[in-house]
Amino acid sequence: MPYSPEEQARFAQLYSLSLIPLRVILASLTWVIYDYFATLEDEVRYIWSQKWCLGKFIFLFIRYYTLLLLIFDVLQIHLFSTPGVPSLSLCVAIDPAVRLSGAISLWAIEIIMQLRVYALFNGSRKIAIFNGILFLISIAAFMVIMVHGVMRRASMIASAMHFPLPGCPAINGGLQWTLWMPATGFEMVLCGFVVYKGFRSYAVKMPFHKRPTLVEVLIGDNLLYFLGITALLIFNNVMAIGTTTIPWFSYGPFHAGMGIMTTHMLIHLRKVAVLSEFTELSDNDGNDNNIMGADTHTHLPKFLISGSSDSIYATSTIINTDVERNAQMQERPHHPEEIRIVARASIHQRYSAAVAESSSRRHEEPNV
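None of these values were measured; they are calculated from a predicted model. (Residues numbered from 1 in each chain as written. Predicted model: local features only at pLDDT ≥ 70, side-chain atom pairs only at ≥ 80, totals over all residues. Heavy atoms only, no water.)

**Student:** I would appreciate a short explanation of the confidence of the model for the protein chain in the present structure.
**Tutor:** Considering every residue of the protein chain, the mean pLDDT works out to 75; 69% of them sit at 70 or more. Ranking the helices and strands of the protein chain by mean pLDDT puts helix α4 (residues 125-157) first, with 92, and helix α9 (residues 300-306) last, with 31. The low-confidence segment residues 287-331 (pLDDT under 50) makes 92 contacts with residues lying over four places distant or belonging to another chain. pLDDT under 50 marks residues 338-344. Its contacts with residues more than four places away, or in other chains, come to ten contacts. (pLDDT = per-residue confidence, 0-100. Helix = DSSP H or I, 4+ residues; strand = E, 2+ residues; numbered from the N terminus. Contact = heavy atoms within 4.5 Å.)

So this is what it looks like as structure tokens:
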């Protein structure tokens, strides 16, 4: 059946718009894979050495869920580009599945951000409850808007399903642009807490120490994250309006950007925590290097640089930093003599544990 001139023009427009996600999603997956191998060494050195805790679990979840999510996006978009595969019912069903899969990643990241805000405010239950309620409200609003969009999705794309397009029609509009508004608002609230804490910290503690503290890292990383994630959410909303000159790129850049920003943020914080745990304790010891022995003391930085598994410090027993707890501890005032005593005791305990573990390993090895 020949198309009318109007239908030909519409088909040409929809066809060109459908090709954009096919290319962008491959670039997004390539970005995630490249970043994965570029940061794998840091992940092994600073994350795998931790004992299992909530922070480690969430990091690994976001890290590998992002990779699986991009693989799913690539398979879904390119499979639907096969002639005869997409149908009206299938296109309507896959749309909320893709949106919900991305929302799960965002919600996991927002849990991390709530924990970081909770740590910045010294474990304030009021702030935790307030943010938790807003978090649940944002999820409920997302679900309501998504269900409303699903109910109208069939009528929105039905007129374009007879075209031989490479995938489902890239048609947006209605209230779809409001889907990510609840998450955007919640992110702004969390950002407000961080900005307030940042101004307060600078006002009370200027000048900061030469070496960045965990609190400074929490504030700085949080602000950068909020700027990045807010930009991505706003970009999603603009794409979903359907009346702007910005075409639909798929959720690939959004999924990739969220995962990469979050993993970089967590690795950076973990790295600073490990460096602070060792170097600051060594600095507090002053010139008395006999606590652990001069030779052993010089080996402390080697683990932080090389991360060799042969080092007696490269064990989960020794390297176990609770980042959020340390951030809170840095907010509490301590007497200088108390800090020195704790530092000496901590170094003694760590060295004794490391020597004992190393000795145990040597006894377990068979004599040749």
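Text resumes after the structure shown.
**Student:** Honestly, the pattern of salt bridges in this entry has me stumped. Any pointers?
**Tutor:** Pairing between side chains of opposite charge can happen when the charged atoms of each approach one another. This structure, assessed with the given rule, holds five salt bridges. Residue arginine 63 pairs with aspartate 35 through a salt bridge whose shortest N-O separation is 3.9 Å. Of the two residues, arginine 63 is situated in helix α2 (residues 54-80) and aspartate 35 in helix α1 (residues 5-47); the sequence distance between them amounts to 28 residues. Assigned by exposure class, arginine 63 and aspartate 35 land together as buried. A salt bridge links arginine 63 to glutamate 43, with the nearest nitrogen and oxygen atoms 2.7 Å apart. Taken together, the residues span a long stretch of sequence, with arginine 63 in helix α2 and glutamate 43 in helix α1 at a distance of 20 residues. Overall, the relative accessible area of 5% leaves arginine 63 in the buried class. Ionic contacts of the salt-bridge type, sharing partners, join the residues Asp35, Glu43 and Arg63 into one network. (Salt bridge = Lys/Arg side-chain N within 4 Å of Asp/Glu carboxyl O. Buried < 20%, exposed > 50% of the residue type's maximum accessible area, 1.4 Å probe, protein only.)

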